[in-house]
Amino acid sequence: MSTQTETTTIPSEIEQLRKDFPALHQTHPNGKPVVYLDSGASAQKPQCVIDTVSECYSDYYANAYRGVYYFGARIDEGIERSRELVRELINARSTSEVIFTSGTTMSINMVARGLGEGFFTKDDEIILNVLEHHANIVPWQMIARQTGAKIKYLPLTEDGRLDLDELPELLTEKTKLLSVTGMSNVLGSIPNLEQIISACHQNGTLVLVDGAQLVPHASVDVQTLDIDFLTFSGHKLYGPSGVGVLYGKETLLDKMEPMLGGGHMIDQVFQDKSTWAELPAKFEAGTLPIAPIIGLGKAIEYVRKIGFEAIETYEHNLLKYAHDQLQKIPGLTILGPGTEHKGAIASFTIDNLHPHDIADWLDRSGVAVRAGHHCTMPLHDHLGIHASTRASFAFYNNFSDIDALCEGLKYTLEKHRLL
Ligand SMILES: Cc1ncc(COP(=O)(O)O)c(C=O)c1O
């Protein structure tokens, strides 16, 4: 057992909050308590979110925007309440700018396709970087292939942050869009969005922020940062899976084409042509993920009650503790920058151990981490490795979880005769 109690105070509220998450109190089939360190992939759900989804199905379920009867009206009200809660969360100007999607991947694809051929030509450029999740690379490659636009990559510093000194050089009159993560899902690096957006806007370049990892950990204000597009997923924000958000400035969304056509997104349909509904319906074709949207609203209320300031401070302490303890494990290298430049993610390699073996042996200790390329093959190529092991934290983790991780790693090393 480590000496964490001597160096760090565990806020008593965290122990109280942990009680809200039933999954955290389960026992692994091997009898060990479950230690969940994979919130970067998907977060556990508080009981209030589970109850809200369950009540929606059991008490008043109907399709959205179709029924004029009691159930239908309650569903519509629930969805619009969630939309308002998202608007408040990110400080959008209007709920017209909040579009419900199936997740970050869908949201980014909708922007890439929605801007599409009318926006990108063969002479245009898109700036990405190797920190990005495949969801923020592949849709741009697809649109580049379709339009002939070129993709350029902003380099990284040696410690795995975006090298913003190189940005002015990369931005040209041809740069139409820069798409950037708010927080790397592997290195945890948090780019300086203010600096990036200001440089891009001075150049007339639009900015999409992939907030899949950032939004669950920090307050993001789209107006203060002047973000053009923001995308995130409900399931990483303690909400249900199957729902995500696309925020876009109204002026931009108005100019974009919907990626999907069908019910609800139309104004008029004739035999040979159709016209589109107003925002946000224009981008919400078909039946929405109704119960997940209502559950997401509950998750937002729950997280905001805790407050992002408290979450950031606590998670930063957890991260510092994790770095300190992991660095004591023989042969372990933490990937990416120091804790001052990153969010609550610690990815690492261990000499002579494959990440999949590490994750498998940690599971025997009840500790859930992720192993692989984490949908960031270009980043792993850049780092010269095929895979890594990732422990990602949420406010419901405590210092004992990190002790369990380190104990599990020592056990793994012992079993492989490396300790
Ligand atoms: C940074 C980042 N972007 C995008 C995604 C894709 O999110 P989703 O699978 O919810 O669409 C993820 C998921 O891990 C992510 O971490």
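Summary of the structure given here.

Conventions we followed
- Residues numbered from 1 in each chain as written.
- Predicted model: local features only at pLDDT ≥ 70, side-chain atom pairs only at ≥ 80, totals over all residues.
- Heavy atoms only, no water.
- Patch = residues over 30% accessible without salt bridge, like charges linked within 9 Å, V, L, I, M, F, W, Y side chains within 5 Å.
- Areas by Shrake-Rupley, 256 points an atom, 1.4 Å probe, with all protein chains shown as cover.
- Salt bridge = Lys/Arg side-chain N within 4 Å of Asp/Glu carboxyl O.
- Lys, Arg positive; Asp, Glu negative; His and termini not counted.
- Charge placed at Lys NZ, Arg CZ, Asp CG, Glu CD.
- Buried < 20%, exposed > 50% of the residue type's maximum accessible area, 1.4 Å probe, protein only.
- Core = buried A, V, L, I, M, F, W, Y, C linked by side-chain atoms within 4.5 Å.
- Domains from an automatic or database assignment.
- Helix = DSSP H or I, 4+ residues; strand = E, 2+ residues; numbered from the N terminus.
- Pairing = 2+ DSSP bridges.
- Near = heavy atom within 4 Å.
- Polar contact = N/O pair within 3.5 Å; in protein donor to acceptor, adjacent residues only side chain to side chain.
- Axes fitted to C-alpha atoms, helices over the stretch in contact; angles between N-to-C directions.
- Arc of directions from axis to C-beta.
- Contact = heavy atoms within 4.5 Å.
- Parallel < 35°, antiparallel > 145°, perpendicular 65-115°, else oblique.
- Left-handed = near helix turned anticlockwise from the far one by under 90°.
- Nonpolar A, V, L, I, M, F, W, Y, C, P; charged D, E, K, R; others polar.

Observations concerning a negative patch on the surface
Reasoning step 1: Judged by side-chain charge, Glu250, Asp254, Asp267 and Glu278 come together as a negatively charged surface patch.
Reasoning step 2: For Asp254, a relative accessible area of 48% corresponds to the partly exposed category.

Focus on the nonpolar core
Reasoning step 1: One finds Leu230, Phe393 and Leu409 to be the most contacted residues of the largest nonpolar core, which totals 101 residues.
Reasoning step 2: Composition of this core by domain shows at least three residues from each of domain 1 (4–39 + 307–415) and domain 2 (50–305).
Reasoning step 3: The next biggest cluster of nonpolar side chains, apart from the first, holds 23 residues, and it includes Ile99, Ile126, Leu208 and Leu246.

A look at unusual backbone geometry
Both trends apply: most residues other than glycine have a negative phi, and most peptide bonds are in trans.
Reasoning step 1: Of note, the bond from Leu279 into Pro280 is cis; its omega dihedral lies within 30 degrees of zero at -5°.
Reasoning step 2: With respect to the element layout, Pro280 can be found in the loop between β10 (274–276) and α11 (290–306).
Reasoning step 3: Although it is not a glycine, Tyr238 sits at a positive phi angle of roughly 70°.
Reasoning step 4: Inspection of the secondary structure assignment puts Tyr238 in the loop between β7 (229–233) and β8 (244–248).
Reasoning step 5: Classification of Tyr238 as buried rests on a relative accessible area of 1%.
Reasoning step 6: Positive phi, normally seen in glycine, also occurs at His264, with a value near 75°.
Reasoning step 7: Counting through the fold element by element, His264 comes out in the loop between α10 (250–255) and β9 (266–269).

Regarding the pairing of strand β4 (residues 150–154)
Reasoning step 1: Two elements, strand β3 (residues 125–129) and β4, share 5 bridges in a ladder whose sense is parallel. Note on β4: the bridge partner recorded for Leu128 is Tyr153.

So, the site of the ligand
Reasoning step 1: The ligand sits among 13 residues. The nearest are Thr105, Asp210, Gln213, Ser233 and Lys236.
Reasoning step 2: In this structure, His133 approaches the ligand through a side-chain N or O atom, which is 3.5 Å from an oxygen atom.
Reasoning step 3: In isolation the ligand offers 390 Å² of accessible surface; the protein chains occlude 87% of this area.

Details of the sheet that holds strand β14 (residues 370–372)
Reasoning step 1: The 4 strands lie next to each other as β11-β12-β15-β14, forming an open sheet whose pairing is antiparallel. Each having just a single partner strand, β11 (332–334) and β14 make up the two edges of the open sheet. Taking the axes of each pair of neighbouring strands and ignoring which way they run, one obtains an average angle of 30° across the sheet.
Reasoning step 2: Direction of pairing for β14 relative to strand β15 (residues 388–392): antiparallel, over a ladder of 3 bridges. Each residue of the ladder has a partner; that of Ala371, found in β15, is Thr389.

Focus on helix α8 (residues 193–202)
Reasoning step 1: Taken together, the buried positions of α8 are Leu193, Ile196, Ile197 and Cys200. Taken end-on, α8 shows its buried residues confined to a sector of 90°, consistent with a single buried face. For α8, the exposed residues lying more than 90 degrees away from the buried face are Glu194 and Gln202.
Reasoning step 2: Packed against the buried residues of α8 are α7 (167–170), β5 (175–181), β6 (206–210) and α9 (222–225).
Reasoning step 3: The backbone nitrogen of Glu194 lies 3.2 Å from a side-chain oxygen of the residue at the head of α8, namely Asn192.
Reasoning step 4: Phi turns positive, to about 75°, at Gly204, one or two residues after α8.

Looking at the sheet that holds β7
For sheets, the rule is that strands pair by backbone hydrogen bonds, running either parallel or antiparallel.
Reasoning step 1: The mixed open sheet is built from 7 strands, whose spatial order is β2-β8-β7-β6-β5-β3-β4. Whereas interior strands pair on both sides, the edge strands pair on one side only; in this sheet they are β2 (98–101) and β4. Geometrically, the sheet is characterised by an average inter-axis angle of 20° between neighbouring strands, direction not taken into account.
Reasoning step 2: Pairing of β5 with β6 involves 5 bridges; the strand directions are parallel. Among the inter-strand pairings, Leu177 is bridged to a residue of β6, identified as Leu206.

Some points on a nonpolar patch on the surface
Reasoning step 1: Taken together, Tyr69, Tyr70 and Phe71 make up a surface patch of nonpolar side chains, about 350 Å² in accessible area.
Reasoning step 2: Structurally, Phe71 is set in helix α4 (residues 70–90).

What to know about the pattern of salt bridges
Reasoning step 1: In total, this model carries 18 salt bridges according to the counting rule given.
Reasoning step 2: A salt bridge links Asp123 to Lys122; the shortest N-O distance between them is 3.6 Å.
Reasoning step 3: Its relative accessible area of 45% is what places Asp123 among the partly exposed residues.
Reasoning step 4: According to the relative accessible area criterion, Lys122 is exposed, its value standing at 54%.
Reasoning step 5: A salt bridge links Lys152 to Glu125; the shortest N-O distance between them is 2.9 Å. With Lys152 in strand β4 and Glu125 in strand β3, this residue pair connects regions lying 27 residues apart in the sequence.
Reasoning step 6: Overall, Glu125 belongs to the buried group, its relative accessible area being 11%.
Reasoning step 7: Residues joined in a network through salt bridges with shared partners are Glu15, Arg18 and Asp401.

So, the packing of helix α13 (residues 355–364) against helix α15 (residues 399–415)
The geometry of a pair of packed helices is captured by two quantities: the angle between their axes and the separation between those axes.
Reasoning step 1: Where α13 meets α15, the axes come as close as 9 Å, and the angle between the chain directions of the two elements is 115°. The pairing of α13 with α15 is recorded here as roughly perpendicular in orientation. As for the relative orientation of α13 and α15, their crossing is right-handed in sense. Residue-level contacts link Ile358, Trp361 and Leu362 of α13 to Leu405, Gly408, Leu409, Tyr411, Thr412 and Lys415 of α15.
Reasoning step 2: When grouped by side-chain class, the residues that make up the contact of α13 with α15 number 6 nonpolar, 2 polar and 1 charged.

Focus on the environment of Lys249
Reasoning step 1: With respect to the helices and strands, Lys249 occurs in the loop between β8 and α10.
Reasoning step 2: Distance from Lys249 to Ala285, taken between C-alpha atoms, is 19 Å for residues 36 residues apart in sequence.
Reasoning step 3: In this structure Lys249 touches Arg93, Glu97, His201, Asp226, Ile227 and Asp228, once residues within four positions along its chain are discounted.
Reasoning step 4: Looking at Lys249, its side chain comes within polar contact range of the side chain of Asp226, at 2.8 Å.

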